[in-house]
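Below are the chains, spelled out letter by letter.
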Amino acid sequence: MDWMLTAEQVAFRDTLRDFVDREIPKAASRDAERVDGAYPHHLFDRLAKGGYHATGVPVEYGGRGADLVTQLIQARELSRSLAGMIWIWGSTSFAGANSIGLYGSEWQKKEFLPKIAAGDLKVTIGFTEPGGGTDVLGALETRATRTQGGWLINGAKKWCTSAHVSDYVLLLARTNDEVARKHQGVSLFLMSPKAPGVTLSPLTTLGMRGLGTFDMTMEDVFVPDELLLGQPDNAWRMLLPTLANERMLLMGTCLGIIDGVVEDTLAHMKSREAFGKPIGSFQAVQHHFANILMARHQTELVAFNAARLADAGADTFLEVTMGKVITSEHAVAAADLGIQIFGGQGYSGDNDMQRYWRDARLMRFSPINNEMARNLVAERHGLPRSF
């Protein structure tokens, strides 16, 4: 897809690809995820040493100031090896660099963005509640109430990835009940998960095992006024471009997973023999591989089209919503075919194919499930709201 990239973007991709092969190879990713919840600080630090936490941070705050196409390239190249563990970069990128960069006060930008760029700060998200998934606002029961000098937070969140090692959680809470519509009266906070009153309970997950995922409860957790992000009661309008950025990174993750599937299956098809010849000479296997390649081609077109439109300032709600569905379903299907090509070896924990499948499977229902995303696409075309 070089024709879609500038010379600078191609150079960035090639440099990053060499970095990943050298510093974050697939073997290191496999090893890191085998110890669930033992966060791979060494991989995070290698990204910091390479300057890759600075990619989406504005230049004036110590970052690279890269556009969305370049951030998409980074998501792709990292996830070719890391798969779902790409969120050692992605969480802080969208919940920290993107959110603070768009809506933070000047003090917040100067305080946090240089630390993010240097790899000295980690941010995760706290949106989902125990009583809801995609219905973030309908299930929102976490409350923030005014107190002297700040806010008191009470409630519970689910699926807080890497909360045990994060410096802040980008937390969504209701701050006003006297509103006409449920998307009104909600606010965003940067809350420390180490603050008094916060309790973390580990969860066991199918994929993304090396990061650690937690339930989080909050009882009278104090957050000072300076850690309110943007204006109170107006968080939902702020979240829309932030969530679009997350879906963009997710598309890059899915594309990188497919790259890993292609790379590994091609090598296996050439080296593995059955019935006296390489399995890549069998038509059925070739058809599986061709389907993976076609899925990758479609995923590239969808993902890079959305990123280029976003960089041009277009409204990309439909592109990122459709793209999230298309790329996540292609990634799951590609990894499943990869397992089929590998046979029993694909089911082994010593093989990356099962890891790709487990991590890609999450993308089909997070941060919005694909069925709800389809509803939103249909609604944008004039059909009645279905939820």
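Relevant structure appears above.
Treat the numbers as computed from the prediction; the structure is a model and nothing was measured.

Reading guide: rules and limits
- Residues numbered from 1 in each chain as written.
- Predicted model: local features only at pLDDT ≥ 70, side-chain atom pairs only at ≥ 80, totals over all residues.
- Heavy atoms only, no water.
- Helix = DSSP H or I, 4+ residues; strand = E, 2+ residues; numbered from the N terminus.
- Rg over C-alpha atoms; globule rule 2.2 N^0.38 Å.
- Buried < 20%, exposed > 50% of the residue type's maximum accessible area, 1.4 Å probe, protein only.
- Contact = heavy atoms within 4.5 Å.
- Areas by Shrake-Rupley, 256 points an atom, 1.4 Å probe, with all protein chains shown as cover.
- Lys, Arg positive; Asp, Glu negative; His and termini not counted.
- Charge placed at Lys NZ, Arg CZ, Asp CG, Glu CD.
- Pairing = 2+ DSSP bridges.
- Salt bridge = Lys/Arg side-chain N within 4 Å of Asp/Glu carboxyl O.
- Axes fitted to C-alpha atoms, helices over the stretch in contact; angles between N-to-C directions.
- Left-handed = near helix turned anticlockwise from the far one by under 90°.
- Nonpolar A, V, L, I, M, F, W, Y, C, P; charged D, E, K, R; others polar.
- Phe/Tyr/Trp six-rings, centres within 6.5 Å; stacked < 30°, edge-to-face > 60°.
- Lys NZ or Arg CZ within 6 Å of the ring centre and 35° of its normal.

1. Concerning the overall build of the protein
Thought 1: Helix and strand counts for the protein stand at eleven helices and ten strands.
Thought 2: Its C-alpha atoms give the protein a radius of gyration of 21 Å, within 12% of the compact-globule value 21 Å for 387 residues.
Thought 3: The C-alpha extent of the protein, read off along each of the three principal axes, is 75 × 50 × 40 Å.
Thought 4: Buried residues in the protein amount to 53% of all 387 residues.
Thought 5: Put simply, 75% of the contacts in the protein that link residues at least 6 apart link residues at least 24 apart.
Thought 6: Only carbon and sulfur atoms are counted for the fraction: they give 52% of the accessible area of the protein, which is about 16500 Å².
Thought 7: Here the protein holds 39 positive side-chain charges and 44 negative ones, and the gap between their average locations is 3 Å.

2. Structural notes on the side chain of Asn245
Thought 1: In this fold, Asn245 is placed in helix α7 (residues 235–271).
Thought 2: Relative accessible area serves as the criterion here: at 4%, Asn245 is assigned to the buried category.
Thought 3: Residue contacts for Asn245: discarding those within four places in its chain leaves Leu68, Gln71, Phe94 and Asn98.

3. Observations regarding the pairing of strand β5 (residues 186–191)
Thought 1: Across the six residues of β5, six count as buried, placing the element largely inside the fold.
Thought 2: Burial along β5 is two-sided: Val186, Leu188 and Leu190 and Ser187, Phe189 and Met191, pointing in opposite directions, are all buried.
Thought 3: Pairing geometry for strand β4 (residues 168–174) and β5, over six bridges, is antiparallel. Within the sheet, the bridge partner assigned to Val169 lies in β5 and is Met191.

4. Observations concerning unusual backbone geometry
Working note: non-glycine residues mostly have negative phi, and peptide bonds are mostly trans.
Thought 1: Backbone geometry places Ala83, a non-glycine residue, at a positive phi of 55 degrees.
Thought 2: Tracing the backbone through its elements, the reader meets Ala83 in the loop between α4 (68–82) and α5 (87–103).
Thought 3: At Phe275, a position not held by glycine, the phi torsion is positive, near 55 degrees.
Thought 4: Given a relative accessible area of 80%, Phe275 falls into the exposed group.

5. A word on the environment of Ala267
Thought 1: Structurally, Ala267 can be placed in helix α7.
Thought 2: When its relative accessible area of 46% is taken as the criterion, Ala267 is described as partly exposed.
Thought 3: Sequence separation of Ala267 and Gly280 is 13 residues, and the distance between their C-alpha atoms is 9.4 Å.

6. Some thoughts on the pattern of salt bridges
Thought 1: Tallied over the full model, the rule gives 24 salt bridges.
Thought 2: With a closest N to O distance of 2.8 Å, Arg17 and Glu77 form a salt bridge. One end of the pair, Arg17, is in helix α1 (residues 7–23); the other, Glu77, is in helix α4, with 60 residues separating them in the sequence.
Thought 3: Overall, the relative accessible area of 31% leaves Arg17 in the partly exposed class.
Thought 4: With its nearest N and O atoms 2.6 Å apart, the salt bridge here joins Glu263 to Lys26. Of this pair, Glu263 sits in helix α7 while Lys26 sits in helix α2 (residues 26–33), and the two are 237 residues apart along the sequence.
Thought 5: Judged by its relative accessible area of 36%, Glu263 is partly exposed.
Thought 6: Overall, the relative accessible area of 13% leaves Lys26 in the buried class.

7. Quick word on the packing of helix α9 (residues 317–342) against helix α11 (residues 370–379)
Thought 1: It is at 10 Å that the axes of α9 and α11 come closest, and there the two elements cross at 145 degrees. α11 is crossed by α9, and the crossing has left-handed handedness. The residues of α11 that touch α9, namely those facing Phe317, Leu318, Thr321, Met322, Lys324, Val325, Ser328 and Glu329, are Asn370, Ala373, Arg374, Leu376 and Val377.
Thought 2: Class assignment for the residues of the contact of α9 with α11 results in seven nonpolar, three polar and three charged.

8. What to know about the pairing of strand β7 (residues 213–224)
Thought 1: Of the strand pairs in this sheet, strand β3 (residues 150–161) and β7 are connected by nine bridges, and their pairing is antiparallel. When the sheet's bridge partners are listed, Cys160 is paired in β7 with Phe214.
Thought 2: Bridge analysis of strand β6 (residues 198–203) against β7 gives six bridges, and the strand direction is antiparallel. Within the sheet, the bridge partner assigned to Ser201 lies in β7 and is Asp215.

9. Comments concerning the packing of aromatic side chains
Thought 1: Under the definition given, this model contains six aromatic pairs.
Thought 2: Residues Phe12 and Tyr52 carry aromatic rings whose centres are separated by 6.1 Å and whose planes lie at 65 degrees to one another, so their mutual orientation is edge-to-face. Pair noted here: Phe12 is in helix α1 and Tyr52 is in the loop between α3 (41–50) and α4, with a separation of 40 residues, a long-range link.
Thought 3: An aromatic cluster of three or more residues is present, and its members are Phe12, Phe19 and Tyr52.
Thought 4: Lying across the ring of Phe44, Lys122 places its NZ or CZ 4.1 Å from the centre.
Thought 5: Looking at Lys158, its charged tip hangs above the ring of Trp159, at a distance of 5.4 Å from the centre.

10. Things to note about the side chain of Gln108
Thought 1: For Gln108, the position within the fold is in helix α6 (residues 106–118).
Thought 2: Under the relative-accessibility criterion, Gln108 is labelled buried at 1%.
Thought 3: The contact partners of Gln108, leaving out residues within four places of it in the chain, are Ile100, Leu113, Glu226, Leu227, Leu228 and Leu229.

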